[in-house]
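Structure assessment
Next come the chains, spelled out residue by residue.
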Amino acid sequence: MTNGSTRNRLKQKVKSHIPKDWLTEIRIAYRILMETVKGINQTGFLINLVIITTMAAILTIFGAIFRTTLSFSSLVDEMGGTLELSVYLEPQADINGTMKQIKKFDHVKRVTFTSKEKSWNELKREIDMPDVENPLPDTLHVKVDTMKNIDSVMTQVKKLPDIQDTGYAREWAQKVEVLNKVSHTVTLVVMVIASLLTITIINNTIQLVIQSRKEEIEIMRLMGVSNWYIKCPLVLQGAVYGFAGALLAVIPVNIAQKYLQMVHDHFSIPVFGFAQGLVVLSVILIGVIFAAGGSLMSIKKHLQV
């Protein structure tokens, strides 16, 4: 207890004599950077190379799957835009009035009319029909902005007068929506796995650095050096590994994005806005944040500062 109190008093005494000016802060920042470089050098070239390439492989997998998910989401939105809600009218319906009312609804992009005579003639051209009276109703085709808004628009349409029935390819839309959810879930799972692997790799690396510098760190603590000064170089070392791995991962991710862009162009599918920049930024942020977080976790676990 007495030794602990003496150590704390010594730390406070040392801190009180440290000048607080901008030049001192620059020197401290410089020393932290030098300690970070020292830690990287002590780890060794081969180990550093293995760490960075492993993280690059993990981040490449995440980036490729994330980019594919964005492309699939664009495809789903495009298919949802082509999916139309069919509105069947009563025989004496006010067609123009009903169209004007539907156009006022949110998420409705376009409303077109198909007469029952036209529908009947097209049906007879496609299949051999007996000579009977036309049983088909007049139909309005309502185009909705995205697939997820079809049900809400259909609910509003059903409340209007002169509406006999409504319908759309519900089963097909539900299957596409399920696939979209699965792709998002896979991306989330891969992100979690990539994060855990990154944290584990950095945790083990920083543990080796701490063990190799244990005596040096203990001396700094006895001299009254602040905890953040000891932690900062180790956290920065992890962040450097994450950043380097992310930069390396950006190369194959951009190649994958190039081929996905060709697929978009071939099938005339609009690209998700800012997809390329979003993927690159996500890869870098995950690499840096989780690598730095892994370092901090390792410090707290293996170093009592």
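Being a predicted model, the structure only gives us computed values, none of them experimental. (Residues numbered from 1 in each chain as written. Predicted model: local features only at pLDDT ≥ 70, side-chain atom pairs only at ≥ 80, totals over all residues. Heavy atoms only, no water.)

On the surface, Y30, L33, M34, V37 and L236 cluster together into a nonpolar patch covering about 430 Å² of accessible area. Sorting elements by how many residues they give to the nonpolar patch places helix 2 (residues 22-43) first, with 4 residues. Mapped onto the fold, Y30 is located in helix 2. (Patch = residues over 30% accessible without salt bridge, like charges linked within 9 Å, V, L, I, M, F, W, Y side chains within 5 Å. Areas by Shrake-Rupley, 256 points an atom, 1.4 Å probe, with all protein chains shown as cover. Salt bridge = Lys/Arg side-chain N within 4 Å of Asp/Glu carboxyl O. Helix = DSSP H or I, 4+ residues; strand = E, 2+ residues; numbered from the N terminus.)

Turning next to unusual backbone geometry. Although it is not a glycine, H107 adopts a positive phi angle of roughly 75°. The topology assignment puts H107 in the loop between helix 4 (95-103) and strand 2 (108-114). A positive phi angle, near 70°, is found at D162, a position not held by glycine. Structurally, the position occupied by D162 is in the loop between helix 6 (150-158) and strand 4 (163-167).

We now examine helix 6. Along helix 6, the positions that sit buried rather than exposed are I150, V153, M154 and V157. Taken end-on, helix 6 shows its buried residues confined to a sector of 100°, consistent with a single buried face. (Buried < 20%, exposed > 50% of the residue type's maximum accessible area, 1.4 Å probe, protein only. Arc of directions from axis to C-beta.)

The next subject is helix 8 (residues 214-222). Listed in full, the buried residues belonging to helix 8 are I217, M220 and R221. Each buried residue of helix 8 lies within a common arc of 100° when the element is viewed along its axis, so the set occupies one face. The first or second residue beyond helix 8 is G224, which carries a positive phi of 90°.

On to the confidence of the model for the chain. Confidence in the prediction of the chain, expressed as mean pLDDT, is 80, and 85% of residues score 70 or more. Looking over the chain, one finds the lowest element-wise mean pLDDT in helix 1 (residues 2-16), namely 58, and the highest in helix 4, namely 89. (pLDDT = per-residue confidence, 0-100.)

Turning our attention to the pattern of salt bridges. Once the charged atoms of two side chains with opposite charge are near each other, the side chains can pair. Evaluated as defined, the whole model comprises 1 salt bridge. Across the pair E35 and R31 runs a salt bridge, and its minimum N-O distance is 3.3 Å. You can see E35 and its partner R31 sitting in helix 2, 4 residues apart, about one turn around the helix. Owing to a relative accessible area of 8%, E35 belongs among the buried residues under this scheme.

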